[in-house]
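Residues per chain, in single letters:
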Amino acid sequence: MRVWTNARIATMVSLPRSFDIIERGFIVGQGEKIIQIGAMQETDDRILADATEIIDCDGRLITPGLIDCHTHIVWSGSRAAEFEGRLAGESYEQIAARGGGIRSTVASVQETSVEALMQNSLLRVDELLATGVTTLEIKSGYGLDFDNEVKLLEAIREIGCKREVSVHPTYLALHALPMEFASRRDEYVSLVVDDWLPQILRQGLCTAVDGFCEGIAFRTAEIKKLFESARTLGMRVKIHAEQLSRSGGAQLAADFSALSADHLEYTTEEDVLAMASRNVVAVLLPGAFYFLREKQRPPIDLFRKHRVPMAIATDCNPGTSPLTSILLAMNFAATLYRMTVLECWAGVTRNAAQALGILDRAGTIEVGKFCDLAIWNVEHPNELVYRLGSSPLYQRIWRGR
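Residues numbered from 1 in each chain as written. Predicted model: local features only at pLDDT ≥ 70, side-chain atom pairs only at ≥ 80, totals over all residues. Heavy atoms only, no water.

Novice: Sorry, what's going on with the nonpolar core here?
Specialist: Soluble globular proteins tend to bury their nonpolar side chains together. Of all hydrophobic cores here, the largest spans 100 residues; its most connected members are Phe 303 and Trp 345. Discounting chain neighbours no more than four positions away, the residues touching Phe 303 are Leu 264, Val 272, Met 275, Ala 282, Leu 284, Pro 298, Val 308 and Met 310. (Core = buried A, V, L, I, M, F, W, Y, C linked by side-chain atoms within 4.5 Å. Buried < 20%, exposed > 50% of the residue type's maximum accessible area, 1.4 Å probe, protein only. Contact = heavy atoms within 4.5 Å.)

This is the structure we're talking about:
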């Protein structure tokens, strides 16, 4: 049994107008779970006597371990040249049309082994963990054929074995159309939906299924086929929606009670109402918004008005958001989207947990939940949204250790 004492604790259990911080608080962890929380004057002497370790936090801030609920962090190769192209005026669509973008990463992934993919990606994962992340979603989608999608999902699984972090693998089943299927879209969608998806689920390689619903990717009717199959197979779904245009993806997310709809720059009030009716989390990805120099912001006021939970994630990927700091993602959300500090914190804790379907066991500091904590060399959570380019992390606790 471990006890953390003399800490300022932001539990994120409730969402008032200001942080409800326990001053001079303590947390007791036994095994992987939290068994007691409170103020120091409530400490039971018997607990201190039975503790195997007592950690004096000396007034430091403790928050829930942070959750990055949308990443593509496993890849190989580089797309820095595309960055230069965008600086010269090329659009995301133009880059994709000439065979760049996702397809260039696919070519590199197909030439890379599971071990090399995992080792290369661990460098990025370690940077993310250094910003307080204890739970991480990672998508496939850079394989575009069965063997290479399996390879990516196996590399994702290995990351969860190599690092003390909870990894949630997502099968991004419909991400980009392979060049060889350019004139055979229906055949490719059927192959993914009827053949690959059932096999991947039988192998237990993912915890959710995703699709990219956009003009340059897949249409709503195609994503609907994927979601229908996933639902039949008992798998929860997520969707990339309304990033570059209004595609109908947010409505589709509501129709299937998706865990989340992500990006959402072109979402309308009708879409937001549909999401609210099915408790679909809005996952906002300000790193991609910043990197692509987009102008259309997600409708933050509408999400507030209709009480749609807002999560924030890095969207770490090689082409549109090579971001490995969840803290910087929070700052981007505050600066670019005008989200409040409290909204940013909810976005990387409780709402991010809801976006992964794990709010019952992570995302807040509560008795019975996993003892996933971040201990910071700051006095107040607002400092961590305010700062640029630093991570004043003192200690990261995962499953009580």
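Novice: When you look at the packing of aromatic side chains in this model, what are you seeing that I'm missing?
Specialist: Any pair of aromatic rings gets described here by the distance separating the centres and the angle formed by the planes. Enumeration according to the criterion identifies 7 aromatic pairs in this entry. Centroid distance Tyr 188 to Phe 218: 6.3 Å. Interplanar angle 20°. Geometry classified as stacked. Here Tyr 188, found in helix α7 (residues 185–202), pairs with Phe 218, found in the loop between β9 (208–213) and α8 (220–232); they are 30 residues apart in sequence, far enough to count as distant. For the pair Tyr 188 and Phe 218, one class covers both residues: buried. With centroids separated by 4.7 Å and ring planes inclined at 25°, the aromatic side chains of Tyr 290 and Phe 332 adopt a geometry described as stacked. One end of the pair, Tyr 290, is in helix α11 (residues 286–291); the other, Phe 332, is in helix α13 (residues 326–337), and 42 residues separate them in sequence. Given the relative accessible area of 12%, Phe 332 is considered buried. Aromatic rings pair up to connect Phe 181, Tyr 188, Trp 196 and Phe 218 into one cluster. Arg 124 extends its terminal NZ or CZ atom over the ring of Trp 75, reaching a point 3.5 Å from the ring centre. (Phe/Tyr/Trp six-rings, centres within 6.5 Å; stacked < 30°, edge-to-face > 60°. Helix = DSSP H or I, 4+ residues; strand = E, 2+ residues; numbered from the N terminus. Lys NZ or Arg CZ within 6 Å of the ring centre and 35° of its normal.)

Novice: How should I be thinking about unusual backbone geometry in this particular structure?
Specialist: Glycine aside, the phi torsion of most residues is negative, and most peptide linkages are trans. In this model, Glu 242 sits at a positive phi of 55°, which is unusual for a non-glycine residue. Residue placement: Glu 242 occurs in the loop between β10 (237–241) and α9 (249–255). On the accessibility criterion, Glu 242 (0% relative accessible area) is buried.

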